[in-house]
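Structure assessment
What follows is the residue order along each chain.
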Amino acid sequence: MRFSKALALALALCCGPVWAQKIPSSQAREVPATTNSIPIAGTVATQTQIIAGVPGQSIYVTSVDLVPAPTSTIQFVQGTGTNCLTGGSVIHAATDLGPGTVFSKGGGWGAQWTLAPGNSLCITIQTNPAPGSLAYSLVGAGSVGGTSFILSNTGSVLLVAAGSRFLIQ
Amino acid sequence: MKKLSIAFFLFLGLISTAKAQQSVVIPATMFSVPITGAINSPNDLVLASGQVGKSIYVTAVDLVPAATAAVQFTQGTGANCSTGKTTLTGSMVFSAGQTYMKGDGFGTFWVLLPGNSLCISIGTALAPGSLAYAIF
């Protein structure tokens, strides 16, 4: 009897959050956090790849900043092949950044832009330079036998019971 | 009772394994430093010193540069990050009215290589502000 109480207490303390909390099907199962960052030299150039896609994994952009010389026009695109030219689609429409403008989004936790699995991220900079930096996470996800999994680019795997979420504490 | 005990400890072992495999850690600010913003180019100024086996995660930064200030964040080892130096940002030249504000102290946007220090290069004009980071 004493052991049963101890078992129940232990389960409640250590494992309750893992199985007790359901999430709506429309809600993201994980919040991407930055695992990599890159500088953006900002040179005026046609559409240029800045992050290479990985088959089966999605790029989640968690933060980006550009400090353009006035006036610069920037655009972000995703796609495959050389410089995203295959199946490319616009992530952020072509935008003129005028005097006094800084383009800054995201604090590194949570995605600003989610790319399709396998797609690379490209940028176009026109007229004047727009240097800065960009942070991202590269994550794959799926399910096997009703069990969801999250595969990070560190190679770790988290197993989560179907319909539940894994809380990192 | 014996079988139950074995199952219990096996279960705890599995849970421990799962926690040990967690891959996503959200850095939160541990330290903050002022950036006086004095011109130091071409010798980068160390803002945060690297520690062996640990990475610096920048969680927030703000700069209010004077017009024409040229700012670049870099990482590396040794004096002025000069050994193995790589860039974290492009070389950003600020014009009138442009400020640089990123992050709120929870989550990182620049992940440095283990052991590397964080440096800043400021040229042409002043660029004062502050920076927050975690190291682990």
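Computed from a predicted model, the values in this text were never measured in an experiment. The numbers attached to residues start from 1 for each chain and follow its sequence in the written order. Just so you know, chain letters begin at A and ligand numbers begin at 1, following the order they were written in. The predicted origin of the model limits local features to residues at a pLDDT of at least 70 and limits the giving and counting of side-chain atom pairs to 80 or more, whereas totals for whole chains, interfaces and linings rest on all residues. Excluded from the side-chain calculation are hydrogens and water; included are all heavy atoms of the structure.

Considering the overall build of chain A
Numbering of helices and strands runs from the N terminus; a helix is a DSSP stretch of H or I covering at least four residues, while a strand is a stretch of E covering at least two. The helix and strand tally for chain A stands at two helices and eleven strands. Listed by position from the N terminus, the elements making up chain A come as α-α-β-β-β-β-β-β-β-β-β-β-β. Taking all 169 residues of chain A together, 42% fall into the buried category. Contact criterion: two residues are considered in contact whenever any of their non-hydrogen atoms come within 4.5 Å of each other. Taking all contacts inside chain A whose residues are at least 6 apart in sequence as the whole, residues at least 24 apart take part in 76%. Note on areas: Shrake-Rupley with a 1.4 Å probe; residue coverage comes only from the protein chains shown. Summed over all atoms, the accessible surface of chain A reaches about 8,000 Å², with 58% contributed by carbon and sulfur. Throughout this description, buried means an accessible area under 20% of the type-specific maximum (1.4 Å probe, protein chains only), exposed means over 50%, and partly exposed covers the range between.

Some remarks on the overall build of chain B
Each helix and strand in chain B was counted, giving one helix and ten strands. Going from N to C terminus, chain B has its helices and strands arranged as α-β-β-β-β-β-β-β-β-β-β. A fraction of 83% describes how many contacts in chain B between residues 6 or more apart in sequence connect residues 24 or more apart. With the model as given, the accessible surface of chain B reaches about 6,400 Å², and the carbon-plus-sulfur share is 65%.

A short note on the confidence of the model for chain B
All names here are of chain B. pLDDT measures the predictor's confidence residue by residue and takes values from 0 up to 100. In the predicted model, chain B carries a mean pLDDT of 86, and the fraction of residues at 70 or more is 82%. Note on residues 9-23: pLDDT under 50 across the span, and 17 contacts to partners over four residues away in sequence or across chains. As scored by the predictor, the complex reaches a pTM of 0.73 and an ipTM of 0.73.

Side note on the nonpolar core
Core analysis: the biggest nonpolar cluster contains 28 residues, and B:Val71, B:Phe73, B:Tyr100, B:Trp110, B:Leu118 and B:Leu131 have the highest contact counts within it. Where this core is concerned, the elements lending two or more residues are strand 1 (31-35), strand 2 (45-48), strand 3 (56-63), strand 4 (70-77), strand 9 (117-123) and strand 10 (129-135) of chain B. For this core, the element with the most residues is strand 3 of chain B, which contributes four residues. Only buried Ala, Val, Leu, Ile, Met, Phe, Trp, Tyr and Cys residues count toward a nonpolar core, and they belong to the same one when joined by side-chain atoms within 4.5 Å. Counting residues in hydrophobic clusters, the runner-up holds 20 residues, among them A:Ile40, A:Leu115, A:Tyr136 and A:Leu138.

Points about unusual backbone geometry
Cis rather than trans, the peptide bond between A:Pro70 and A:Thr71 has omega equal to -10°. Within the secondary structure, A:Thr71 sits in the loop between strand 3 (58-66) and strand 4 (72-80). Note the cis peptide between B:Ser41 and B:Pro42, where omega equals 10°. Looking at the element boundaries, B:Pro42 is found in the loop between strand 1 and strand 2. Of note in this structure, A:Cys84 is not a glycine but carries a positive phi near 60°. Relative to the helices and strands, A:Cys84 is located in the loop between strand 4 and strand 5 (86-97).

What about the confidence of the model for chain A?
Residues and elements named next belong to chain A. Averaged over every residue, the pLDDT of chain A is 78; the share at 70 or more is 65%. For residues 8-27, every residue scores under 50 in pLDDT, and the model assigns this stretch 28 contacts once sequence neighbours within four places are set aside. Confidence drops under a pLDDT of 50 for residues 143-162, and excluding neighbours within four residues, the segment shows 47 contacts in the predicted structure.

A few points about the environment of A:Leu115
All names here are of chain A. For Leu-115, the location among the structural elements is in the loop between strand 7 (113-114) and strand 8 (120-126). The exposure class assigned to Leu-115 is buried, which follows from its relative accessible area of 3%. Leu-115 sits 26 residues away from Ser-89 along the chain, and the two C-alpha atoms are 9.8 Å apart. In this structure, Leu-115 is in contact with Ser-58, Ile-59, Val-61, Gln-78, Ile-91, Ser-120 and Leu-121, ignoring residues within four places of it in sequence.

Quick notes on the state of the cysteines
When the sulfur atoms of two cysteines come within 2.5 Å, that pair is taken as a disulfide. Inspection of every chain in the model, using the stated rule, returns two disulfides over all chains. Between the sulfur of A:Cys84 and that of A:Cys122 lies a disulfide, 2.0 Å long from S to S. Taking the sign of the S-S torsion, 85° for the link of A:Cys84 and A:Cys122, the bridge is right-handed. Placement of A:Cys84 in the loop between strand 4 and strand 5 and of A:Cys122 in strand 8 is noted, with a sequence separation of 38 residues between them. When sorted by exposure, A:Cys84 lands in the same class as A:Cys122, which is buried. Here B:Cys81 connects covalently by a disulfide to B:Cys119, the sulfurs 1.9 Å from one another. Taking the sign of the torsion about the S-S bond as the criterion, the disulfide between B:Cys81 and B:Cys119, at about 85°, is right-handed. On the criterion of sequence distance, the pair formed by B:Cys81 in the loop between strand 4 and strand 5 (83-87) and B:Cys119 in strand 9 is long-range, its members being 38 residues apart.

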